[in-house]
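# Structure assessment
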Amino acid sequence: MATATHPDTSQPTGFIRRNRQKLAPWLFLAPGLLFFLFYVIAPIFQSFQISFYQWDGLGAKEWVGMQNYQELVTDRAFEVSLWNNLKWLLMYLLAIPAGLGIALFLNQTVTGIRLYKSLFFFPFVISQVVVGLVFTWFYDPTFGLLNTILESVGLSPINVLGDPKLATYGIIAAGLWPQIAYCMILYLTGLNAVDPEQIEAARLDGAKGLRMLWHVVLPQLAPATFIAFVVTIIGALRSFDLISIMTNGGPFGSTRVLSFYMFEKALSEYGFRMGYGAAISVVLFLIMLFFIAYFLWSMWRQEKGR
Amino acid sequence: MFPKPIEKSSRAAQLSYQGLLPIALLMWLAPLIAVALFSIKPDTDFTTGNYWGLPSAFGGFENYGKVFFQSDMPRYLMNSFLITVPTVIGAVALSCMTGFALGIYKFKSNLWIFFMFVAGNFVPFQILMVPVRDLTLDMGLYNTKTGLVLFHIAFQTGFCTLFMRNFIRALPYELIEAARVEGVAEWRIFWFVVLPLMKPAIAALSVLIFTFIWNDYFWAVVLTQGAESQPVTAGITSFNAQYRAAYHLMSAGSIVAALPPVAMFFLMQRHFIAGLTLGAVK
């Protein structure tokens, strides 16, 4: 490299420069790339491999072929988890319109609005563990705020997390709280950059309210919507902390999702079933892969576009 | 501006908007306000069933005192710092370099490597769980902060690379061209030309990664156990087991556990939001 700083040495500079330019990116990439390959990329393939074995995490692995996957097909708990994942995915998407709604509500310039915006964003900064605890107490059947409110308006109390029919929705509601805050901040930033001239022009043409929102504002918010969509899908499929804290999968396993069920199978007190757990995680990964492919394809189009 | 600025509406509309704001905020933060209220109540309020009335006395000092002096909480907090800070430094340092490589140089596999980082950043943790746990055990790093830090650095490098690469792409390329014409070595371009321009990105990423790692629960449970290495997110569950049904203490503990990222957010708000919304505007 020393020669490179003195381009007028006897070496042909063009040659060095071309090679320097070829070598340099790999030297910069090496540490990060190796780390990433070692800890993230390789384990994905290892998980695929482990899913064909029966393994308790300590002893020898025993090849069982497709047996883990065959067991999944008849596993009721797996089926429940899969349905719950679908519920999470669909309900979580509500965070996008809800976040947009709050962003529109807050997109004003009255005094103190900046503080309001940060306080509305607040739930996102708190760890999901604390959000889970906070909502567990909120739902508590004996003293929770929810039932205190319900009783004060004359309704009978409900035990959200104790009811197999309601528990998953109760957890999703807790998860929506920070997720809405995230979508809100994305849209607030997006609204900030909306072209005022277009709005004025549309206003002169008589557009207002929902029509204005749909035809003029939302198209300009497309990048924010894309990111909101990506983070919401990922968030929905990653849900683990809240379930673990709020119900630990119960009551009667009704709040399990794939990410939680996998953990339970692989590392629970009922014995380590690493192979079976890996098979569940492979299914979850394949579901995610569908979305990842879509995200990458969108990004690739953007890259080509510039 | 959309929606129509409220100043252009009638006086009544303006007043009702200003009145609505605090009510909406109170409703939005109600669960949290409840916990804050719990944390300053003395324990007698809970035995007498005074859950939602005003505290009969200010129990804040006693409750928070217990959290800090009669539990493992300070230890968990310390662990969290010792896990979070090295991860932030490591991930940001690595991604400054990967981002530079992918943002500045044109080579065949550039986009593929970039997409690999992005895709890896999106995968569900569970697919990594069994192999990473096994790997950590084999290296003798299970139940150590180092084991957790190493994995976090590697995983966060995915997101950080995405962030840094896009940031560097937006820098004026002429600067680098000019430096090359001058014959400046590549690593000097990185260090003296590009890195100073990356300060806002480094700040934004640091606060984001700090929050992400501080709030991590899954990997803390998978790779550590016990007070000697567990961060506060995992520690809070054993804290709660210790003080089962002592809601005033559990509330105080939760607030303490949540505080550092909250403080980070309010101190570095501009950077935090700039980082989170990168790409939300064309």
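Residues numbered from 1 in each chain as written. Chains lettered and ligands numbered in written order. Predicted model: local features only at pLDDT ≥ 70, side-chain atom pairs only at ≥ 80, totals over all residues. Heavy atoms only, no water.

Residues and elements named next belong to chain B. Residues of helix H9 (residues 173-181) that are buried: Ile176, Ala179 and Arg180. For H9, the angular spread of the buried residues around the axis is 100°, confining them to a single face. What points out from H9, more than 90 degrees from its buried face, is the exposed set Glu174 and Val181. Of the residues flanking the end of H9, it is Gly183, one or two places downstream, whose phi is positive at about 85°. (Buried < 20%, exposed > 50% of the residue type's maximum accessible area, 1.4 Å probe, protein only. Helix = DSSP H or I, 4+ residues; strand = E, 2+ residues; numbered from the N terminus. Arc of directions from axis to C-beta.)

Turning to the UniProt feature "transmembrane region" (unreviewed entry) in chain A, a few remarks are in order. All names here are of chain A. In the numbering adopted here, UniProt assigns the feature "transmembrane region" (unreviewed entry) to residues 26-45, 88-107, 119-139, 166-191, 212-237 and 276-297. For residues 119-139, the helix share is 71%, the strand share is 0%, and the end-to-end C-alpha distance is 22 Å. Annotated as 96% helix and 0% strand, the span residues 212-237 places its first and last C-alpha atoms 33 Å apart. (UniProt positions renumbered as here; feature names shortened; annotations may be inferred.)

Moving on, we come to helix H7 (residues 145-152) of chain A. Taken residue by residue, H7(A) has A:Leu145, A:Leu146, A:Asn147 and A:Leu150 as its buried positions. Buried residues belonging to H7(A) abut helix H6 (128-139) of chain A together with helix H2 (30-39) of chain B. Where H7(A) ends, the next residue or the one after it, A:Gly154, has phi of about 85°, a positive value. (Contact = heavy atoms within 4.5 Å.)

Here the focus is the domain arrangement of chain B. All names here are of chain B. Domain parsing of chain B yields domain 1 (6-63) and domain 2 (71-276). Listed as interface residues are eight residues of domain 1 and, on the opposing side, six residues of domain 2. Here domain 1 meets domain 2 over a buried area of about 610 Å², counting both sides, of which 79% is carbon and sulfur. Our enumeration of links across domain 1 and domain 2 arrives at zero salt bridges. Along the contact surface separating domain 1 from domain 2 lie zero residue pairs in polar contact (both at pLDDT 80 or more). Looking at which element gives the most residues to the side of domain 1 that touches domain 2, the answer is H2, with four residues. (Domains from an automatic or database assignment. Buried area = accessible area lost by both parts, 1.4 Å probe. Salt bridge = Lys/Arg side-chain N within 4 Å of Asp/Glu carboxyl O. Polar contact = N/O pair within 3.5 Å; in protein donor to acceptor, adjacent residues only side chain to side chain.)

Residue and element names in this part refer to chain B. Residues annotated in UniProt with the feature "transmembrane region" (unreviewed entry) correspond here to residues 20-40, 81-104, 111-129, 149-168, 189-214 and 245-267. End C-alpha to end C-alpha, residues 20-40 measures 28 Å, and it is 90% helix and 0% strand. End-to-end, the C-alpha atoms of residues 189-214 are 34 Å apart, and along that stretch the chain is 96% helix and 0% strand.

All right, on to the confidence of the model for chain B then. A residue-level look at chain B finds 100% of positions with pLDDT of 70 or above and a mean pLDDT of 90. Taking the mean pLDDT of every element in chain B, the minimum, 81, falls on helix H3 (residues 44-47) of chain B and the maximum, 95, on helix H5 (residues 73-104) of chain B. (pLDDT = per-residue confidence, 0-100.)

Another aspect to go through is the interface of chain B and chain A. Tallying the contact residues gives 108 residues for chain B and 107 residues for chain A. When chain B packs against chain A, close to 9900 Å² is buried across both sides, 77% of that on carbon and sulfur atoms. The three residues of chain B that bury the most area against chain A are B:Phe2, B:Trp28 and B:Phe122, which together make up 9% of that side's buried surface. Between chain B and chain A we count two salt bridges in total. A salt bridge links B:Arg165 to A:Glu303, with the nearest nitrogen and oxygen atoms 2.9 Å apart. Applying the counting rule to chain B against chain A returns 16 residue pairs in polar contact (both at pLDDT 80 or more). When residues of the side of chain B that touches chain A are assigned to their parent elements, the largest contribution, twelve residues, is made by helix H8 (residues 145-169) of chain B.

This part takes up the packing of helix H9 (residues 196-204) of chain A against helix H10 (residues 209-220) of chain A. Residues and elements named next belong to chain A. Look at H9 against H10: their axes get within 11 Å of each other, and the N-to-C directions meet at 165°. With respect to H10, the element H9 is oriented roughly antiparallel. Here H9 and H10 pass one another in a crossing that is right-handed. Within the contact between the two elements, H9 uses Gln198, Ile199, Ala202 and Arg203 and H10 uses Met212, Val216, Val217 and Gln220. Tallied by class, residues from the contact of H9 with H10 come to five nonpolar, two polar and one charged. (Axes fitted to C-alpha atoms, helices over the stretch in contact; angles between N-to-C directions. Parallel < 35°, antiparallel > 145°, perpendicular 65-115°, else oblique. Left-handed = near helix turned anticlockwise from the far one by under 90°. Nonpolar A, V, L, I, M, F, W, Y, C, P; charged D, E, K, R; others polar.)

Before going further, it helps to examine the environment of A:Asn85. Residues and elements named next belong to chain A. Following the sequence through the fold, Asn85 ends up in helix H3 (residues 76-92). Separated by 56 residues in the primary sequence, Asn85 and Pro141 have C-alpha atoms spaced 26 Å apart. With residues near it in sequence (within four places) discarded, Asn85 still touches Ala236, Leu237, Val257 and Leu258.

Many authors give the size of an interface as the accessible area that is lost as the parts come together. All names here are of chain A. Each assigned domain of chain A is listed here: domain 1 (3-50) and domain 2 (67-305). Summarising the inter-unit geometry, the C-alpha centres of domain 1 and domain 2 are found 39 Å apart. Each side of the interface is counted separately: domain 1 has four residues, and domain 2 has seven residues. In this assembly, domain 1 packs against domain 2 so that about 420 Å² is buried in total across both faces, 78% of it on carbon and sulfur atoms. Broken down residue by residue, the surface that domain 1 buries against domain 2 is led by Ser47, Phe48 and Ile50, which jointly contribute 85%. Run the count over domain 1 and domain 2 and you get zero residue pairs in polar contact (both at pLDDT 80 or more). The residue inventory of the side of domain 1 that touches domain 2, partitioned by class, reads three nonpolar, one polar and no charged.

Moving on to a nonpolar patch on the surface. All names here are of chain A. Together, Trp83, Leu86 and Leu90 make up a nonpolar patch on the protein surface, roughly 340 Å² of accessible area in all. Note on placement: Trp83 falls in helix H3. Classification of Trp83 by relative accessible area gives exposed; the value is 53%. (Patch = residues over 30% accessible without salt bridge, like charges linked within 9 Å, V, L, I, M, F, W, Y side chains within 5 Å. Areas by Shrake-Rupley, 256 points an atom, 1.4 Å probe, with all protein chains shown as cover.)

UniProt annotation of "domain: ABC transmembrane type-1" (unreviewed entry) refers to residues 77-268 of chain B when read in the numbering used here. Between the end C-alpha atoms of residues 77-268 of chain B the distance is 21 Å, and the span holds 80% helix and 0% strand.

All names here are of chain B. One can describe the packing of helix H11 (residues 199-214) onto helix H14 (residues 247-267) by two numbers: an axis separation of 9 Å at closest approach and a directional angle of 170°. Classified by the interaxial angle, the pair formed by H11 and H14 is roughly antiparallel. Taken together, the residues of H14 that come into contact with H11 (itself represented by Val207, Phe210, Thr211 and Trp214) are Ala257, Pro260, Pro261 and Met264. Of the residues that constitute the contact of H11 with H14, the class distribution is seven nonpolar, one polar and no charged.

Quick look at the packing of aromatic side chains now. On inspection of all chains with the given rule, the structure shows 59 aromatic pairs over all chains. Geometrically, the ring pair formed by A:Phe121 and A:Phe124 is tilted, given 5.5 Å between the ring centres and 35° between the ring planes. Three or more aromatic residues joined by ring pairs form one cluster here, namely A:Phe35, A:Phe38, A:Tyr39, A:Phe240, A:Phe260, A:Phe263, B:Phe125, B:Phe151, B:Phe155, B:Tyr217, B:Phe218 and B:Trp219. (Phe/Tyr/Trp six-rings, centres within 6.5 Å; stacked < 30°, edge-to-face > 60°.)

Bringing the pattern of salt bridges into the picture now. On inspection of all chains with the given rule, the structure shows seven salt bridges over all chains. Among the salt bridges present, the one from B:Arg180 reaches B:Glu186, with a minimum N-O distance of 3.2 Å. Neither B:Arg180 nor B:Glu186 differs from the other in exposure class; each is buried. Look at the salt bridges and you will find they share partners, linking A:Glu303, B:Arg165 and B:Arg169 into a network.

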